[in-house]
Amino acid sequence: MARRPLVIGNWKMNLDFVEGLHLVQQLGVLLKHRPLEYTDVVVCAPFVDLRTVSSVIDADRLPIEVGAQHVSAFDNGSHTGEISVSMLQRLNVSWILVGHSERRANYAMSDDVVAHTLRAVVRANLRAVLCVGEGLDVRESSRHEEFVGSQLEHALREIDAPGRELVTVAYEPLWAIGTGETAPSEQVSEMTAFVRARLTKLGVATPQVLYGGSVNGENAATLVRDSGVDGFLVGGASLKAESFVAILHACDDCYARKR
Ligand code: PGA
């Protein structure tokens, strides 16, 4: 049987808590009108939206889980401006993105910091979405497998077997993020298979691999059908209820046909 799809919306630094509230309410209405049968849904809201978003999901019993876009690797203390795993847990956050390429590139998130952060997340028994992916220069010099393989190994090296089962991997080639240029299905398919095989080698019993990079309602069905991904990490198209729900339904329909 095919693996259950998972679609995660990454709002990035968009939507204040009022706008976030509206979006989640709209998602609720659309999903009530046409419920999903198989697809799991997560929204990763900005920190300041989390309380509101999590309250409305809880009050309206929406079939959506709450995620954060980042977290500190430290438990508490003198880390001005940072947010800890336990603070997020108190807000019913159950998923955390770790090592998104924008954080790696713009906020000095090295492989070591990614590994440290991932350990903090799984230690608390939360689900982590480890983001990996190569830049265009790496792809053009055919070093993408070596590069992504090393990101995976570095991140998972010091995580024990139960902890590794809490890690979902999002493969996001950098040139496809926010550009409108989705990676071709064959490339996504190759890299999904590569990541899955590497995770299996690292002892992960049920590897879950998502794709991210300019996913929208039009290309989601093809990607899910042709590339063997378990779902998507969606940026731009997750900011509008209609476009996000189109992706969710595309995944759900494909899964229904595959079973
Ligand atoms: P995008 O972003 O869908 O806007 O390309 C994906 C991501 O950054 O996770």
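All values derive from a computational prediction rather than experimental measurement. (Residues numbered from 1 in each chain as written. Predicted model: local features only at pLDDT ≥ 70, side-chain atom pairs only at ≥ 80, totals over all residues. Heavy atoms only, no water.)

Undergrad: Summarise the overall build of the chain; cite the residues concerned and give the values.
TA: Regarding its fold elements, the chain presents eleven helices and eight strands. Relative to a compact globule of 259 residues, whose C-alpha radius of gyration would be 18 Å, the chain shows 17 Å and is just as compact. With the C-alpha coordinates of the chain rotated into their principal frame, the extents come out at 50 × 45 × 35 Å. Buried positions account for 53% of the 259 residues belonging to the chain. Accessible surface computed for the chain: about 12,000 Å², of which carbon and sulfur atoms make up 50%. Computing the positive centroid from 25 side-chain charges and the negative centroid from 32, the chain places the two 5 Å apart. (Helix = DSSP H or I, 4+ residues; strand = E, 2+ residues; numbered from the N terminus. Rg over C-alpha atoms; globule rule 2.2 N^0.38 Å. Buried < 20%, exposed > 50% of the residue type's maximum accessible area, 1.4 Å probe, protein only. Areas by Shrake-Rupley, 256 points an atom, 1.4 Å probe, with all protein chains shown as cover. Lys, Arg positive; Asp, Glu negative; His and termini not counted. Charge placed at Lys NZ, Arg CZ, Asp CG, Glu CD.)

Undergrad: Break down the nonpolar core for me, citing the residues and quoting the values.
TA: Within the largest apolar cluster, 71 residues are counted, with the highest numbers of intra-cluster contacts made by Ile 96, Leu 118, Leu 130, Tyr 211 and Phe 232. Considering every element that reaches this core, the biggest residue donor is helix 11 (residues 241-258), with eight residues. Ignoring any residue separated from it by four or fewer positions in sequence, one finds Phe 232 in contact with Leu 6, Val 7, Ile 8, Leu 210, Tyr 211, Val 215, Ala 220, Leu 223, Val 224, Ile 247 and Cys 251. Ranked by size, the runner-up nonpolar core spans eleven residues in total, among them Ile 8, Leu 97, Cys 131 and Leu 210. (Core = buried A, V, L, I, M, F, W, Y, C linked by side-chain atoms within 4.5 Å. Contact = heavy atoms within 4.5 Å.)

Undergrad: Before we move on, could you go through the side chain of Ser 185 and cite the residues and values that matter?
TA: Within the secondary structure, Ser 185 is located in helix 9 (residues 185-201). Judged by its relative accessible area of 16%, Ser 185 falls in the buried class.

Undergrad: Please provide a residue-by-residue account of the packing of aromatic side chains, values included.
TA: On inspection of all chains with the given rule, the structure shows one aromatic pair. Between Tyr 38 and Tyr 255, the aromatic rings sit 4.8 Å apart at their centres with planes inclined by 45°, giving tilted as the arrangement. Of the two residues, Tyr 38 sits in the loop between helix 1 (17-33) and strand 2 (40-45) while Tyr 255 sits in helix 11, which places them 217 residues apart along the sequence. Considered together, Tyr 38 and Tyr 255 belong to a single accessibility category, that of buried residues. (Phe/Tyr/Trp six-rings, centres within 6.5 Å; stacked < 30°, edge-to-face > 60°.)

Undergrad: Help me get a handle on the packing of helix 7 (residues 144-156) against helix 9, residues and values and all.
TA: Helix 9 packs onto helix 7 with a crossing angle of 35° between their chain directions and a minimal axis gap of 10 Å. Considering the relative orientation of helix 7 and helix 9, their crossing is right-handed. Note on element contacts: helix 9 touches helix 7 through Met 191, Phe 194, Val 195, Arg 198 and Leu 199, opposite His 144, Glu 145, Val 148, Gly 149, Leu 152, Glu 153 and Leu 156. Across the contact of helix 7 with helix 9, the residue classes tally to seven nonpolar, two polar and three charged. (Axes fitted to C-alpha atoms, helices over the stretch in contact; angles between N-to-C directions. Left-handed = near helix turned anticlockwise from the far one by under 90°. Nonpolar A, V, L, I, M, F, W, Y, C, P; charged D, E, K, R; others polar.)

Undergrad: Could you give an account of the site of the ligand, with specific residues and numbers?
TA: In the vicinity of the ligand lie 13 residues, with Lys 12, His 100, Glu 172, Gly 178 and Ser 214 positioned nearest. Separating an oxygen atom of the ligand from a backbone N or O atom of Gly 178 is a distance of 2.6 Å. Between the ligand and Ser 214 there is a distance of 2.7 Å, counted from an oxygen atom to a backbone nitrogen or oxygen. Considered on its own, the ligand offers 280 Å² of accessible surface; in the complex 95% of this is hidden by protein. Here the residues of the shell around the ligand sort into four nonpolar, seven polar and two charged. (Near = heavy atom within 4 Å. Polar contact = N/O pair within 3.5 Å; in protein donor to acceptor, adjacent residues only side chain to side chain.)

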